[in-house]
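# Structural description and commentary
If you want the building blocks of each chain, they are given just below.
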Amino acid sequence: MASSSTPRCNSSSLENSSIKKPLKDGTNWEHNEEIPRLPGEMRVTDKEVIYMCPFNGPVKGRVYITNYRLYLRSVESDPVVVIDVPLGVISRIEKMGGASSRGENSYGLDITCKDMRNLRFALKQEGHSRRDIFEVLTKYAFPQSHNLQFFAFLNEEKFSENGWLVYNPMVEYRRQDLPNEQWRVTFLNEHYALCDTYPSLLVVPYNATDEDLKKVSAFRSRCRIPVLSWIHPENQAVIMRSSQPLVGMSGKRNKDDERYLEIIRETNGQISKLTIFDARPSVNAVANKATGGGYESEDAYPNAELFFLDIHNIHVMRESLKKLKDIVYPHVEESHWLSSLESTHWLEHIKLVLTGAIQVADKVSSGKSSVLVHCSDGWDRTAQLTSLAMLMLDSYYRTIVGFEVLVQKEWISFGHKFASRIGHGDKNHADADRSPIFLQFIDCVWQMSKQFPTAFEFNEQFLITILDHLYSCRFGTFFYNCDSVREREKLSEKTVSLWSLVNSTKSKYTNPFYTKELNRALYPVASMRHLELWVNYYIRWNPRIRQQQQNPVEQRYMELLALRDDYMRRLEELQITNNPKISSSSSSSSSSQMMSHVQTHF
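Residues numbered from 1 in each chain as written. Predicted model: local features only at pLDDT ≥ 70, side-chain atom pairs only at ≥ 80, totals over all residues. Heavy atoms only, no water.

What counts is decided by this rule: UniProt positions are given in the numbering used here, feature names are shortened, and annotations may be inferred rather than shown by experiment.
The name given to the chain in an unreviewed UniProt entry is Myotubularin, and the organism recorded there is Eublepharis macularius. Looking at the Sequence similarities (unreviewed entry) heading of the UniProt record, one finds this comment for the chain: "Belongs to the protein-tyrosine phosphatase family. Non-receptor class myotubularin subfamily."

## Observations regarding the pattern of salt bridges
Quick note on the threshold: Each reported salt bridge corresponds to a side-chain nitrogen of Lys or Arg within 4 Å of a carboxyl oxygen of Asp or Glu. To qualify as a helix, a DSSP run of H or I must reach at least 4 residues; to qualify as a strand, a run of E must reach at least 2; elements of each kind are numbered from the N terminus. In this scheme, a residue with accessible area under 20% of its type's maximum is buried, one over 50% is exposed, and one in between is partly exposed, where area comes from a 1.4 Å probe on protein chains only.
Overall, the coordinates contain 36 salt bridges when judged by the stated rule. With its nearest N and O atoms 3.9 Å apart, the salt bridge here joins Lys255 to Glu258. Of this pair, Lys255 and Glu258 both sit in helix 4 (residues 255–267), separated by three residues, roughly a single helical turn. You can call Lys255 exposed: its relative accessible area is 61%.

## Considering the pairing of strand 16 (residues 304–308)
What counts, and what does not: Two strands pair under a simple rule: DSSP has to find at least two bridges between them. Handedness of a crossover is defined as follows: orient the strands so they point away from the viewer, and if the path from the first strand over the helix to the second runs clockwise, the crossover is right-handed.
The sheet contact formed by strand 15 (residues 274–278) and strand 16 spans five bridges and is parallel. If you follow Thr275 over to strand 16, its bridge partner there is Glu305. Since strand 15 and strand 16 lie parallel, the crossover through helix 5 (residues 282–287) that links them has a hand, and here it is right-handed.

## Quick notes on the UniProt feature "active site" (unreviewed entry) in the chain
Going by this rule: Contacts are residue-level and defined by heavy atoms, with any inter-residue pair within 4.5 Å sufficient.
Here, UniProt's "active site" (unreviewed entry) annotation points to Cys375. Within the element layout of this structure, Cys375 appears in the loop between strand 17 (371–374) and helix 9 (381–393). The buried category is assigned to Cys375, whose relative accessible area is 3%. Filtering out sequence-adjacent residues up to four positions away, Cys375 remains in contact with Ser242, Gln244, Asp278, Ala279, Arg280, Asp380, Arg381 and Thr382.

## With respect to the sheet that holds strand 16
The criterion, for reference: Only the stretch in contact is used when fitting a helix axis, every axis being a line fitted to C-alpha atoms; angles between N-to-C directions are given from 0 to 180 degrees.
With mixed pairing, the five strands of this open sheet are ordered in space as 13-14-17-15-16. Among the strands making up the open sheet, the edge pair consists of strand 13 (227–231) and strand 16. On average, adjacent strands in this sheet sit at an angle of 25° to one another, irrespective of strand direction. Bridging between strand 14 (residues 238–242) and strand 17 involves four bridges; their strand directions are parallel. Paired with Ser242 across the two strands is His374, which belongs to strand 17. Contacts from helix 4 reach strand 14, strand 15 and strand 17 within the one sheet, and its direction differs from that of strand 15 by about 120°.

## Remarks on helix 9
Rules: Expected span of a helix, by definition, is 1.5 Å for each gap between consecutive residues, and there is one gap fewer than residues.
With 13 residues, helix 9 should cover 18 Å at 1.5 Å per step; its first-to-last C-alpha distance of 18 Å lies within 8% of that length. By the criterion of burial, helix 9 is predominantly enclosed, with 13 of the 13 residues buried.

## What about the packing of helix 10 (residues 400–413) against helix 13 (residues 460–472)?
The test is simple: Any angle between 65 and 115 degrees counts as roughly perpendicular, while under 35 counts as roughly parallel, over 145 as roughly antiparallel, and the rest as oblique. Note on convention: the crossing is left-handed when the near helix lies turned anticlockwise from the far helix by less than a right angle, right-handed when the turn is clockwise. Note on residue categories: nonpolar means Ala, Val, Leu, Ile, Met, Phe, Trp, Tyr, Cys or Pro, charged means Asp, Glu, Lys or Arg, and polar means any other residue, Gly included.
As a packed pair, helix 10 and helix 13 sit with axes 12 Å apart at the nearest point and diverge in direction by 30°. One element, helix 10, and the other, helix 13, form an angle in the roughly parallel class. Helix 13 is crossed by helix 10, and the crossing has right-handed handedness. Counted together, Ile400, Phe403 and Glu404 of helix 10 and Phe462, Leu463 and Ile466 of helix 13 form the full contact between these two elements. Of the residues in the contact of helix 10 with helix 13, the class split is five nonpolar, no polar and one charged.

As structure tokens, this is what we get:
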């Protein structure tokens, strides 16, 4: 998505792609400044460098470091080259070459990013010229490793909407007509005493007491007991989520856990067995017995049927993404593209996650059976499966606000380890806990939106913005591993939510083809023939790869909306010019009345 001002090297942030005017998302120009700055953003240092552009060769410029971003502006090239990278996106900073290195531009810094790109800057070799910039970059890119605050705690942006108010668990459960005669809300975890990685409010079977829940928690990994995520509005079948049972090598049993699963099965009056979807390959589930984990055996749970979904662990996914990056950045291997893509297994993993979610959704909707979903600890693959199944079954989650609720609920509140998986502000790039689990989920959502182009209120830009700010550390939305820590750190009081940005500029993220349909289940085709590599995300930094063009009808629709807005602005100006005494309130009311006459429809 090349900037109009940076056609040679497409490396600027998606939101901050223009350098010719103030940015609409809160970024403003400071007087006589060379760089855009957010409220609360401070310039730290700047230096002359040579940007080693992998597409067009060396570019002389000046790099500016703030407490939020790395910003490079070329000084001699036409058109101007701009790179705008939030420091939170940086995964690794390495020194390139030494004082005695020979060869032009062999001395400098190598920067690895989390968003599928790398940056290389060459500096002069005299007088340890890179030492200062290396130290400053390392300090502000990895604040957690240097006892500094995340930029989100310094961000002073103001938005018309408060994104922290998007998700209220009680409101969301009431939307699902809960609690009811079969399901109740428990505050047993209000102070996170039952499970420190679960939310404070849980929905459980009416016939299970809080004492029962405590006993069950002792037999589930990390005390993550089976709790309700979603209930079908018609057949009352439910999607439950949990962690693995602590069976171990000796095949331990727990009567309380067995009885609890039986209560879940009976709650919607079903006669058939409770379906348990274990996200792991069966061999991994068996291997987990050696570390005290395991799965529900037929002997211990005679009224349950168990299916393994063969989705691999976080380490396999991390290596798969690494292989994908190798073939898309900086250069795409055209001659062996299909075989190279296949060798990464990335789309194969996407297929398995989607296939698993389809099975969950179909069992609940068509099979009218309650299901329990778990992996090992219930915060990675489990979140992928429950949230995608809910997206398939519930049209509310396909709206902009509904999707925000889904992410807040199934991912953030239920303890997906964002801090560990993304490594916010942490210099330990080789941490084995890093993994692109949430990226995979967003990729699956994009695959669905491609197959059902009118079913989602949000567009591709919405999904890319979420991923950009998953790393940026500009907002507090994805910080920390669980709600108990977020509450302790007073995150909602001290930081801005990403949803504040999105909901204040909703038109930017709206799909013009969206058609609201209630209670329509979506089942995407999860075969390899129907899955695509998301070029506009994974290969967006390469100016030589032709971006997937915007639909011409969508493009014309957006042009008409912009034209309408321009006419409304000019109308207001004319009204004020012709009648200076007119009040601002009457002006706005008259313009809103006029709006009804100039609405653009398909």
